[in-house]
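If you want the building blocks of each chain, they are given just below.
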Amino acid sequence: MKLLLLALLASAALAAAPGAVAGTLDIYWIDVEGGASTFIVTPRGQSVLMDAGYAGLDDRDAVRIEHVVRDVAGLARIDYALTSHFHADHVGALAAVARHIPVGTFIDHGESVERDTPGGRDIWTTYLEVTGARRHVVVPGEHLTLAGVEFVIVASNGEVLKTPLAGGGPNGLCAAFTPHPPDAGENARSLGYLLRAGSFEFLDLGDLSWNLQGQLACPASMLGHVDLMQAPHHGVRDDVVPQMISAVAPSVVVMNNGPAKGAGAAGVEHVKQSPGLQDFWSLHRLIANDAMHNAPEMLTANLGETADCPGHWIRARVNGDGTFTVTNSRNQFAKTYRVK
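Residues numbered from 1 in each chain as written. Predicted model: local features only at pLDDT ≥ 70, side-chain atom pairs only at ≥ 80, totals over all residues. Heavy atoms only, no water.

Scored by pLDDT, the protein chain has a mean of 93; 93% of the residues are at 70 or more. Overall, residues 1–18 carries pLDDT values under 50, and its contacts beyond four positions in sequence, including any with other chains, amount to 26 contacts. (pLDDT = per-residue confidence, 0-100. Contact = heavy atoms within 4.5 Å.)

Spelled out as structure tokens, the structure:
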């Protein structure tokens, strides 16, 4: 199985778009079959991995991450490995990733609030063994040390920014926001960050739950408009808060979903109704959804079931000329957008 996967990845690499280009900012969405893994390469060659997918499966997700890091991006290490929160689909493969690729610093939100549950205990114990003294806990407003870009934590451990970033302000949609019952689990603790390179901005909120997204958006938005956004929580159910996505008004949204996970009907509709949206891309076609609740086929990286899926990725490249280009590694389709 592992040899077959490596052969498929090698074949995909031959047909894929060129890897890292000096001076560009690259953002990769790596297919971990409904988990999450987003990899960033800065214009100066520093790297950030947010989440690592699932454990086991013959190291499937770690192998896919290593392929993008080494073979596509041309790097030999990961400078920062962020764990958004302690769920198996986000942190499960981190130990395997650390065996495959050297990691500098591990970043998280603090202790798992699910560490006393049977599954949560194993995840937490393994995480501590992997990270050791290289672990760092972040709080909202903290910046990662990255040359030439700004990387600010906007949510962590159930807290969000208290002071708006540049471009934030009143949100006229907040009268319609209705809080959900409190979320006592890990999703509410999820890390979220905003990445800025020049005038380009990218927002990734991990699995941040409804009420915390609401706090970032209402009564005033803590964030200005962004160019690119990863759909929160894989687009599961209704976890794309309309007041949030409307406030940041992304030109492009990428959904990190699987063939049978994420891309909930309400989540997709909220994405598509966002003002200023030009395109919606996704890692997988959701098998159970109709065409109206999937990204267009040209903008979808993987079309089939998990079994024998080649794990195609999506990349956004910020070009330095006021544009960014999103590429589908399955079909080499690419589209360029202008930065706001």
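With that settled, consider the sheet that holds strand β4 (residues 78–82). Strand order in the open sheet formed by nine strands is β6-β5-β4-β3-β2-β1-β17-β18-β19, with mixed pairing between adjacent strands. A single partner strand is all that each edge strand has here, and the edge strands are β6 (135–137) and β19 (334–338). Ignoring which end each strand starts from, the neighbouring axes of this sheet average 20° apart. Across the sheet, helix α5 (residues 118–131) is in contact with β5 (103–108) and β6; its angle to β5 comes to roughly 145°. (Pairing = 2+ DSSP bridges. Helix = DSSP H or I, 4+ residues; strand = E, 2+ residues; numbered from the N terminus. Axes fitted to C-alpha atoms, helices over the stretch in contact; angles between N-to-C directions.)

Bringing helix α2 (residues 60–72) into the picture now. In this model α2 runs 17 Å from its N-terminal to its C-terminal C-alpha over 13 residues, within 8% of the 18 Å that 1.5 Å per residue would give. With 10 of its 13 residues buried, α2 lies for the most part within the structure. By the burial criterion, the buried members of α2 are Arg60, Asp61, Ala62, Val63, Arg64, Ile65, His67, Val68, Val69 and Val72. One or two positions beyond α2, positive phi appears at glycine 74, with a value near 75°. (Expected span 1.5 Å × (residues − 1). Buried < 20%, exposed > 50% of the residue type's maximum accessible area, 1.4 Å probe, protein only.)

Residues cysteine 218 and proline 219 are joined by a peptide bond in cis, for which omega reads 0°. Along the chain, proline 219 turns up in the loop between α6 (210–217) and β12 (220–221). Positive phi values are uncommon outside glycine, yet aspartate 51 reaches one of about 75°. In this structure, aspartate 51 sits in the loop between β3 (47–50) and α2. The exposure class of aspartate 51 is buried, given its relative accessible area of 3%.

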